[in-house]
Amino acid sequence: MDRLTNTIRPYAWGSTTAIPALLGVEPSGEPQAEMWMGAHPGAPSRLDRGAGETTLPAVVAADPERELGAAAVAKFGPRLPFLLKLLAAGAPLSLQVHPDLAQARAGFADEEARGVPVDAGHRNYKDPNHKPELICALTPFSGLCGFRRPLEAAALLDGLGVDSLKPYVDLLHAHPEEAALREMLTAVLGGDRAEMARTVHEAGDAAVRLGGPYEPYASLVHEYPGDPGVIAAMLLNHVELQPGEAMFLGAGVPHAYLDGLGVELLANSDNVLRAGLTPKHVDVPELLKVVRFEPGDPAVLRPEGDAEEVYETPTDEFRLSRFVLAPGGEPRVLPSGAPQILLCTAGSPRAGELTLAPGESVFVPAGERPELSGAGTVFRATVVV
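The present account deals with the structure reproduced in this document.

Cut-offs applied
Residues numbered from 1 in each chain as written. Predicted model: local features only at pLDDT ≥ 70, side-chain atom pairs only at ≥ 80, totals over all residues. Heavy atoms only, no water. Pairing = 2+ DSSP bridges. Helix = DSSP H or I, 4+ residues; strand = E, 2+ residues; numbered from the N terminus. Salt bridge = Lys/Arg side-chain N within 4 Å of Asp/Glu carboxyl O. Buried < 20%, exposed > 50% of the residue type's maximum accessible area, 1.4 Å probe, protein only. Phe/Tyr/Trp six-rings, centres within 6.5 Å; stacked < 30°, edge-to-face > 60°. Lys NZ or Arg CZ within 6 Å of the ring centre and 35° of its normal. Polar contact = N/O pair within 3.5 Å; in protein donor to acceptor, adjacent residues only side chain to side chain. Contact = heavy atoms within 4.5 Å. Axes fitted to C-alpha atoms, helices over the stretch in contact; angles between N-to-C directions. Parallel < 35°, antiparallel > 145°, perpendicular 65-115°, else oblique. Left-handed = near helix turned anticlockwise from the far one by under 90°. Nonpolar A, V, L, I, M, F, W, Y, C, P; charged D, E, K, R; others polar. Core = buried A, V, L, I, M, F, W, Y, C linked by side-chain atoms within 4.5 Å.

Once that is clear, we can look at the sheet that holds strand β20 (residues 354-355). Paired through backbone hydrogen bonds, the strands of a sheet run either parallel or antiparallel to each other. On the basis of which strands lie adjacent, the open sheet formed by four strands has the order β17-β22-β19-β20 and antiparallel pairing. Sheet topology places β17 (332-333) and β20 at the edges, where each strand pairs with a single neighbour. Across two bridges, strand β19 (residues 350-351) lies against β20 in antiparallel orientation. Note that in β20 the partner of A351 across the bridge is L354.

Have a look at this one:
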């Protein structure tokens, strides 16, 4: 197996302290938002097998079946299909959705045919892949996920006492649930920006004054004054995860992370359609094609199993599990046959002959059977084949 050297992405919303605290280093003063572990071309992990440092994508490309296993190559192609991250939100991320596989392929092909540069700010589809994702909390973690029931959203908006929100409240009462949510989001994102900015300002003042269930939205107004995404965010469920709890986000589910440190595992894609809470490009017509207007309570996932605690999801590109190793416990021999990345988040466990500190990770090729020993917490990312 190979110890990985990973890149930390300095996105503006990142915490300045959470990742340094996990790594046991002094903060730089700059935001540190995500540490990427995998073979994504945007920030590939690096390793050294004795011939000098190279990248994980280069290692995989040189011998896909050795690194990934024949079954994974047959199912997903000659590439590592997942990306593992440490994610540290110090401010709200953009309100966003991800396309399903058919939408991603069609959108990518269309923009390629029209000659839209892949790095253009107005490009929606960076690759032809979908992006289901799972976030597992390492600290208390706050986010928005999926639509509230329209009547619940109407009550929340009505409680602000803002006259310009009354038409939206009526809209949420007047239609079947999915139609109501679609018309409401369309109206908020497609309305007059100056009028909406005034509404957001009034709503923000009310949210600050009222507190309680409005506290998450008061912080959004502070970060994104005048952004219609603030009102759109009030259509979503507010979720608070405790350490060890997780949340799965499938295609078309609107979401935004607000605060906290977590382990994120996702399909190896960079396709994001934004609805607000961002200065970046918002393509409302394309967004509305992708959003699934299905209200309901978000499912909080807890790991299942004894020695290996598994977070069950409906996707095959990735599988996340956790090992909590007690001092003096028996070593855990992991299965072979698929690629794995192991991430330490606590203690000083050993993966084979390598001792890991918090924030350190290793890549395990498909043919190896790694053994975990010592004391600490290790997350295992792999695929379902």
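From this point on, the discussion continues.
So, on to the pattern of salt bridges. Applying the stated criterion across every chain yields a total of 20 salt bridges. For R123, the salt bridge identified is with E112, shortest N-O distance 3.0 Å. Of this pair, R123 sits in the loop between α5 (101-113) and β8 (133-137) while E112 sits in helix α5, and the two are 11 residues apart along the sequence. For R123, a relative accessible area of 4% translates into the label buried.

On to the packing of aromatic side chains. This structure, assessed with the given rule, holds three aromatic pairs. Ring centres 5.4 Å apart and planes at 20 degrees place the aromatic pair F147 and F293 in the stacked group. Residue F147 is found in strand β9 (residues 141-147), and its partner F293 is found in the loop between α12 (284-290) and β14 (300-301); the two are separated by 146 residues along the sequence. Pair check on accessibility: F147 and F293 agree, each one buried. A cation sits over an aromatic face here: R9 above W36, 4.6 Å from the ring centre.

This part takes up the side chain of R380. Note that R380 resides in strand β23 (residues 376-382). Taking the relative accessible area as the measure of exposure, R380 reaches 6% and is therefore buried. Within polar-contact distance, the side chain of R380 engages the side chain of Q340 at 2.5 Å. Excluding its chain neighbours within four sequence positions, the residues that come into contact with R380 are E308, R319, L320, S321, F323, L334, P335, Q340, I341 and L342.

Quick look at the packing of helix α6 (residues 150-158) against helix α7 (residues 166-174) now. Two numbers describe how α6 lies on α7: the axes approach to 8 Å, and their chain directions differ by 160 degrees. The angle between α6 and α7 falls in the class roughly antiparallel. Between α6 and α7 lies a crossing of left-handed hand. Residues P150, L151, A153, A154, L157 and D158 of α6 lie in contact with α7, whose contacting residues are K166, V169, L172 and H173. For the contact of α6 with α7, the per-class residue count stands at seven nonpolar, one polar and two charged.

Counting residues in hydrophobic clusters, the biggest one holds 52 residues, and the most contacted among them are L160, L172, M184 and I231. The element contributing the most residues to this core is helix α8 (residues 177-190), with six residues. Sequence-distant contacts of L160, defined by excluding residues within four places in its chain, comprise L165, A203, A206, A207, R209, L210, Y214 and M234. Ranked by size, the runner-up nonpolar core spans 37 residues in total, among them L22, L80, L86 and L261.

A separate point is unusual backbone geometry. Backbone geometry places L277, a non-glycine residue, at a positive phi of 60 degrees. With respect to the helices and strands, L277 occurs in the loop between β13 (273-276) and α12.

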